[in-house]
Amino acid sequence: MANDKRGKTTPRSEMRQIISRRRRLIRVWPAIALLLAAVTVGFYSWAFFHQPILVNPLHVLELMQSGNLDSATQALLAVTAPMLFLAVGLLVLLLLAFVTAGLVSEGRLMRVLEKNLPR
């Protein structure tokens, strides 16, 4: 950390530290986002095959039509539970996309700041 004669941090060195920390986050974010997206997609893929009543509205309809869904579960789940569960997953993926877009913009801002920061 660069200090001036009185031992205090200069605004320039403080700005460089902030930029450095933000650059690290921007650099690792794609891996984090990809991992979170893969986990989310993996979970929904697993649920589709192992717990289809949670994520597959067609499966729920089939159970309802064949009479294999008890009335309490039928009343609770119907078709709304799978749709809501899928909507939550979509919202998670959209959140990841928005955070990624924001960090890409921040990366551009950091490059502009570094270029214009006095040496």
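If you're wondering where the values come from, they're calculated on a predicted model, not measured in any experiment. (Residues numbered from 1 in each chain as written. Predicted model: local features only at pLDDT ≥ 70, side-chain atom pairs only at ≥ 80, totals over all residues. Heavy atoms only, no water.)

(A) Region of interest: helix 1 (residues 11–50). If you check helix 1, its first and last C-alpha atoms are 56 Å apart, about what 40 residues at 1.5 Å a residue would give, namely 58 Å. If you look at helix 1, its biggest bend is around 40°, right at Trp29, and the proline Pro30 turns up within four residues after that. At its buried positions, helix 1 is contacted by helix 2 (52–55) and helix 5 (80–116). (Helix = DSSP H or I, 4+ residues; strand = E, 2+ residues; numbered from the N terminus. Expected span 1.5 Å × (residues − 1). Bend = angle between axes of the 7 residues up to and from the residue. Contact = heavy atoms within 4.5 Å.)

(B) Layout of the nonpolar core. Grouped together as the largest cluster of nonpolar side chains are 7 residues: Ile19, Ile26, Trp29, Ala33, Leu96, Leu103 and Met110. Residue assignment for this core shows that the elements contributing at least two residues are helix 1 and helix 5. Ranked by the residues each element gives to this core, the list is headed by helix 1, at 4 residues. Ignoring sequence-local partners within four residues, the contact set of Ile26 consists of Leu103, Glu106, Gly107 and Met110. In this structure, Val60, Leu63, Leu69 and Leu77 belong to the second largest nonpolar core, which totals 5 residues. (Core = buried A, V, L, I, M, F, W, Y, C linked by side-chain atoms within 4.5 Å. Buried < 20%, exposed > 50% of the residue type's maximum accessible area, 1.4 Å probe, protein only.)

(C) A look at the packing of aromatic side chains. Following the criterion strictly, the structure yields 5 aromatic pairs and no others. An aromatic cluster is defined as three or more aromatic residues linked by ring pairs; in this entry it consists of Phe43, Tyr44, Trp46 and Phe85. (Phe/Tyr/Trp six-rings, centres within 6.5 Å; stacked < 30°, edge-to-face > 60°.)

(D) The pattern of salt bridges, seen in detail. Throughout the structure, instances matching the rule amount to 2 salt bridges. Here Glu106 ties to Arg22 by a salt bridge, and the two come within 2.5 Å at their closest N and O atoms. Taken together, the residues span a long stretch of sequence, with Glu106 in helix 5 and Arg22 in helix 1 at a distance of 84 residues. In this structure Glu106 comes out as buried when scored by relative accessible area, which is 18%. (Salt bridge = Lys/Arg side-chain N within 4 Å of Asp/Glu carboxyl O.)

(E) Spotlight on the environment of Leu25. Here Leu25 shows up in helix 1. Measuring from C-alpha to C-alpha, the distance between Leu25 and Met15 comes to 16 Å, with 10 residues separating the pair along the chain.

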